[in-house]
Amino acid sequence: MLQMNGYAVNAETPLELLTDYLTPNELFFVRSHWIPRTPNLSRWRLTVDGEVKTPVSLSLADLRKLPVTEVTCVLQCAGNGRALYTPVLPGVQWRYGAVGNARWRGVRVRDVLQLAGVKDSAKHLHLFGSDDPPRKVPPFHRSVELAKAMDDAILAYEMNGVKLPAEHGAPLRLVVPGWAGDHWMKWLVRLSPQAESQRGFYMETAYRYPLQPGAAGVAFKPEEMSPVTELFVKSNVTTAPKKAKAGTTYDIRGFAFSGAPDIAKVEVSDDDGATWNEAQLDARHSPYAWRLWSYRWTPRAAGTARVMVRATDSRDRVQPRDATWNQSGYLYNAWHTVDIEVTA
Ligand SMILES: Nc1nc2c(c(=O)[nH]1)N[C@H]1C(S)=C(S)[C@@H](COP(=O)(O)O)O[C@H]1N2
Ligand SMILES: [Mo]
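Parameters at a glance
- Residues numbered from 1 in each chain as written.
- Chains lettered and ligands numbered in written order.
- Predicted model: local features only at pLDDT ≥ 70, side-chain atom pairs only at ≥ 80, totals over all residues.
- Heavy atoms only, no water.
- Pairing = 2+ DSSP bridges.
- Helix = DSSP H or I, 4+ residues; strand = E, 2+ residues; numbered from the N terminus.
- Axes fitted to C-alpha atoms, helices over the stretch in contact; angles between N-to-C directions.
- Buried < 20%, exposed > 50% of the residue type's maximum accessible area, 1.4 Å probe, protein only.
- Near = heavy atom within 4 Å.
- Polar contact = N/O pair within 3.5 Å; in protein donor to acceptor, adjacent residues only side chain to side chain.
- Areas by Shrake-Rupley, 256 points an atom, 1.4 Å probe, with all protein chains shown as cover.
- Nonpolar A, V, L, I, M, F, W, Y, C, P; charged D, E, K, R; others polar.
- Phe/Tyr/Trp six-rings, centres within 6.5 Å; stacked < 30°, edge-to-face > 60°.
- Lys NZ or Arg CZ within 6 Å of the ring centre and 35° of its normal.
- Core = buried A, V, L, I, M, F, W, Y, C linked by side-chain atoms within 4.5 Å.
- Contact = heavy atoms within 4.5 Å.
- Domains from an automatic or database assignment.
- Buried area = accessible area lost by both parts, 1.4 Å probe.
- Salt bridge = Lys/Arg side-chain N within 4 Å of Asp/Glu carboxyl O.

Attention now goes to the sheet that holds strand β4 (residues 46–48). A sheet is described by the order of its strands in space; here 5 strands give the open sequence β5-β4-β13-β8-β9, paired in mixed fashion. Strand pairing shows two members of the sheet lacking a second neighbour, β5 (56–58) and β9 (142–145), which therefore form its edges. Taken pair by pair, the neighbouring strands of this sheet meet at an average axis angle of 20°, ignoring direction. In this sheet, strand β13 (residues 188–194) lies alongside β4 in parallel orientation, the contact comprising 2 bridges. Within β13, the residue paired with Thr 47 across the bridge is Arg 190.

And the structure:
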């Protein structure tokens, strides 16, 4: 893992290791704002309160009695790729690896909220984890639109077939398919449906993205931005030769994903985007999971070949050549390019 800083643990996966359909838990990136508190499992409870008919307090055993559900989907930090923006931006300097694809198992948010009976007045689901910020800094308190949470969000207690690891939010975290990682609250202890969205730094200042593109380096005003929700269509190259011989064929591989349920195609260009050739998509897919792809590439002539990749999702959104600069460095999804030295 590539550790990003020493305060809490922030570590990304080296891109060349992101070759599995399911990212192994030991390789899965970690992004924690504050120091997690390891909960005492015998005393741990999930409280559901707020705009509900009957507040409830549930143990893990209670949750395990509810119908089990499973989703395989991508978790990507909104700031993945921040380091690739110019002008440079403050914040964790994520490059490519604050992303992974995992199988999440648990219970539907909908089923849990039904136990408490959500009132019609509720529009936002306030989320609280047990991690504690140091003095005087804002806690990582968030909310997610209730409609999305009721539609397909789950409370996961397992990740890739094993108990949810501590650094990924044990014993329980939120999984919000297709939406950026800031919604995926770890170390959950409380869910609270409310009429208004949550306030505070992590709602009003952080995790906002421009409504319209602007000039690189010019900060957007709060009213020109809205909360980050769905991921943008994106693909990366994980595997490519560093050196190649003209006329010889090589395998280039990678992954592609989007905030739309599926990837329609992945294309590769080695002439600066003038012409594109379709890559082969791996058979494995699931709504909001990533799609592995591979491409048989044959360099024509000696020199530096610049290979670039772009994905198109099931809603016809095409990955752009450039990403929209924004002062927080969110949702970077420009074409990924790799340079390969070709000899005759
Ligand atoms: N309680 C809590 N939940 C959290 C965070 C946090 O700091 N505290 N970070 C969020 C962010 S910004 C991301 S990208 C994901 C990262 O999840 P991971 O560490 O399992 O990869 O968790 C989210 N959930
Ligand atoms: Mo994040």
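So, about helix α2 (residues 109–116). Regarding α2, the residues found buried are Val 109, Asp 111, Val 112, Leu 113 and Ala 116. Positive phi shows up at Gly 117, right after α2, with a value of about 75°.

Further remarks concern the site of ligand 1. Close contacts around ligand 1 come from 20 residues, with Phe 29, Asp 131, His 168, Arg 173 and Lys 186 the closest. With respect to ligand 1, the side chain of His 168 contributes an N or O atom lying 2.6 Å from an oxygen atom. A total of 530 Å² of accessible area belongs to ligand 1 in isolation, and the protein chains cover 100% of it. Of the residues assigned to the shell around ligand 1, the class counts are 10 nonpolar, 4 polar and 6 charged.

According to the stated counting rule, one finds 14 aromatic pairs in the structure shown. Look at Phe 201 and Tyr 202: their rings are 4.9 Å apart centre to centre, the planes differ by 90°, and that puts the pair in the edge-to-face class. A residue is classified by how much of its surface remains accessible, and Phe 201, at 38% relative accessible area, is partly exposed. With a relative accessible area of 9%, Tyr 202 lands in the buried category. Seen from their ring centres, Phe 255 and Phe 257 are 6.2 Å apart, and the 25° between their planes marks the pair as stacked. Considered together, Phe 255 and Phe 257 belong to a single accessibility category, that of buried residues. Ring pairs connect the aromatic residues Phe 28, Phe 29, Trp 94, Trp 104 and Trp 184, which therefore count as one cluster. For the cation-ring pair, Arg 64 lies above Tyr 157, with the distance from its terminal atom to the ring centre recorded as 4.1 Å. Its guanidinium or amino end placed over the ring of Phe 128, Arg 190 lies 4.2 Å from that ring's centre, counting from NZ or CZ.

The subject of this paragraph is the nonpolar core. Core analysis: the largest hydrophobic core is formed by 71 residues, its most contacted members being Leu 63, Trp 104, Val 112, Leu 125, Leu 155, Leu 174 and Trp 290. Residue contributions to this core peak at 5 residues, all from strand β10 (residues 154–159). If we skip the residues at most four places from it in the chain, Leu 63 touches Trp 44, Leu 58, Val 107, Val 112 and Leu 172. Of all hydrophobic cores here, the second largest spans 20 residues; its members include Val 233, Tyr 250, Ala 311 and Ile 340.

Glancing now at the pairing of strand β24 (residues 336–343). Covered by surrounding structure in β24 are His 336, Val 338, Ile 340 and Val 342 only, the residues Thr 337, Asp 339, Glu 341 and Thr 343 on the alternate face being uncovered. Relative to β24, strand β17 (residues 243–245) runs parallel, the two sharing 3 bridges. Paired with Lys 243 across the strands is Glu 341, a residue of β24. Direction of pairing for strand β23 (residues 303–313) relative to β24: antiparallel, over a ladder of 7 bridges. The partner of Val 309 across the bridge, within β24, is His 336.

Here Thr 72 lies in strand β6 (residues 69–76). The contacts of Thr 72, once residues within four sequence positions are left out, are Tyr 21, Leu 22, Asn 101, Ala 102, Arg 103, Ser 286, Pro 287, Tyr 288 and Ala 289.

Now for the domain arrangement of the protein chain. When the parts of a complex come together, some accessible area is lost, and that lost area is often taken as the interface size. You can read the domains of the protein chain as domain 1 (2–227) and domain 2 (234–343). The centre of domain 1, based on its C-alpha atoms, is set 28 Å off from the matching centre of domain 2. Taken together, the contacts link 41 residues of domain 1 with 27 residues of domain 2. Carbon and sulfur atoms make up 62% of the area that domain 1 and domain 2 hide from each other, which totals about 3000 Å². Its largest share of buried area at the contact with domain 2, domain 1 owes to Tyr 21, Tyr 85 and Tyr 209, together 23% of the area lost on that side.

The next subject is the side chain of His 336. On the secondary structure map, His 336 appears in strand β24. For His 336, a relative accessible area of 6% gives the class buried. At a separation of 2.9 Å, a polar atom in the side chain of His 336 contacts the main-chain amide nitrogen of Val 237. Sequence-distant contacts of His 336, that is, excluding residues within four places in its chain, are made with Leu 15, Tyr 96, Ser 235, Asn 236, Val 237, Val 307, Met 308, Val 309 and Gln 319.

Taken as a whole, this structure holds 20 salt bridges when the rule is applied. Arg 105 is paired through a salt bridge with Glu 158; the nearest N and O atoms lie 3.5 Å apart. Of the two residues, Arg 105 is situated in strand β7 (residues 99–108) and Glu 158 in strand β10; the sequence distance between them amounts to 53 residues. Taking relative accessible area as the criterion, Glu 158 reaches 16% and is therefore assigned buried. In this structure, the salt-bridge partner of Asp 270 is Arg 300, at a minimum N-O distance of 2.8 Å. Of this pair, Asp 270 sits in the loop between β19 (263–269) and β20 (277–278) while Arg 300 sits in the loop between β22 (291–297) and β23, placing them 30 residues apart in sequence.

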